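Chain residues, written in single-letter form:
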Amino acid sequence: MRVEVWRQPNGYWRWAYREGETCLLSNAEYTSEQAARHSADTAYPPPPPGRGEPPSRTGRLLSGLLRRFLLAVIAWRLLRRVRLRRGHGRGG
């Protein structure tokens, strides 16, 4: 995805959203580059920093392991809480 901003021969500014074969032209002209960029960013906000590239295979693996570990800890804590309420963990 990319947004392009340019000055037209008549002095006004425009922007277009481009992705692959898709090109969406702004429906208005702007008196300044800043106004055109602001409009483009409103219509198609830039991605947040650090979210541009998909995670690597190692990153996905670590993320999956961390998720499983956290789920196991939560399940263990819930099971422990249930057993304590039933009187199973009180030494007899």
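Scroll up to find the structure this text is about.
Owing to the predicted nature of the structure, the values given are computational and were not obtained by experimental measurement. (Residues numbered from 1 in each chain as written. Predicted model: local features only at pLDDT ≥ 70, side-chain atom pairs only at ≥ 80, totals over all residues. Heavy atoms only, no water.)

Caption draft 1: Layout of the overall build of the protein. A count of helices and strands for the protein gives two helices and three strands. Mapped from its N terminus to its C terminus, the protein presents α and β elements in the order β-β-β-α-α. Evaluated residue by residue, the protein yields a buried proportion of 14% over its 92 residues. Across the protein, the fraction of contacts at a sequence separation of at least 24, relative to all contacts at a separation of at least 6, is 19%. (Helix = DSSP H or I, 4+ residues; strand = E, 2+ residues; numbered from the N terminus. Buried < 20%, exposed > 50% of the residue type's maximum accessible area, 1.4 Å probe, protein only. Contact = heavy atoms within 4.5 Å.)

Caption draft 2: Region of interest: the nonpolar core. Formed by Val5, Trp13, Trp15, Tyr17, Tyr30, Ala36 and Ala40, the largest nonpolar core amounts to seven residues. Elements with a contribution of two residues or more to this core: strand S2 (13-19) and helix H1 (33-43). With three residues, the top contributor of residues to this core is S2. Contacts of alanine 40, omitting those with residues within four sequence positions, involve Val3 and Trp15. (Core = buried A, V, L, I, M, F, W, Y, C linked by side-chain atoms within 4.5 Å.)

Caption draft 3: Just the environment of valine 3, in detail. If you trace the backbone, valine 3 turns up in strand S1 (residues 2-7). Between the alpha carbons of valine 3 and tryptophan 15 there is a distance of 6.7 Å; along the sequence they are 12 residues apart. Excluding residues that lie within four positions of it along the chain, valine 3 makes contacts with Trp15, Ala16, Tyr17, Ala40 and Tyr44.

Caption draft 4: How the structure looks around a nonpolar patch on the surface. Together, Leu66, Phe69, Leu70 and Val73 give the surface a local cluster of nonpolar side chains, amounting to about 370 Å² of exposed area. The residue leucine 66 is located in helix H2 (residues 57-86) in this model. (Patch = residues over 30% accessible without salt bridge, like charges linked within 9 Å, V, L, I, M, F, W, Y side chains within 5 Å. Areas by Shrake-Rupley, 256 points an atom, 1.4 Å probe, with all protein chains shown as cover. Salt bridge = Lys/Arg side-chain N within 4 Å of Asp/Glu carboxyl O.)

Caption draft 5: Region of interest: H1. The complete set of buried residues in H1 reads Ala36, Ser39 and Ala40. Relative to the axis of H1, the buried residues are bounded by an arc of 100° and lie together on one face. More than 90 degrees from the buried face of H1, the exposed residues found are Gln34, His38 and Thr42. Next to the buried residues of H1 lie S1 and S2. (Arc of directions from axis to C-beta.)

Caption draft 6: Quick look at the environment of tyrosine 12. One can find tyrosine 12 in the loop between S1 and S2. Owing to a relative accessible area of 37%, tyrosine 12 belongs among the partly exposed residues under this scheme. Every residue in contact with tyrosine 12, bar those within four places of it in the chain, is listed here: Trp6, Arg7, Glu29, Tyr30 and Thr31.

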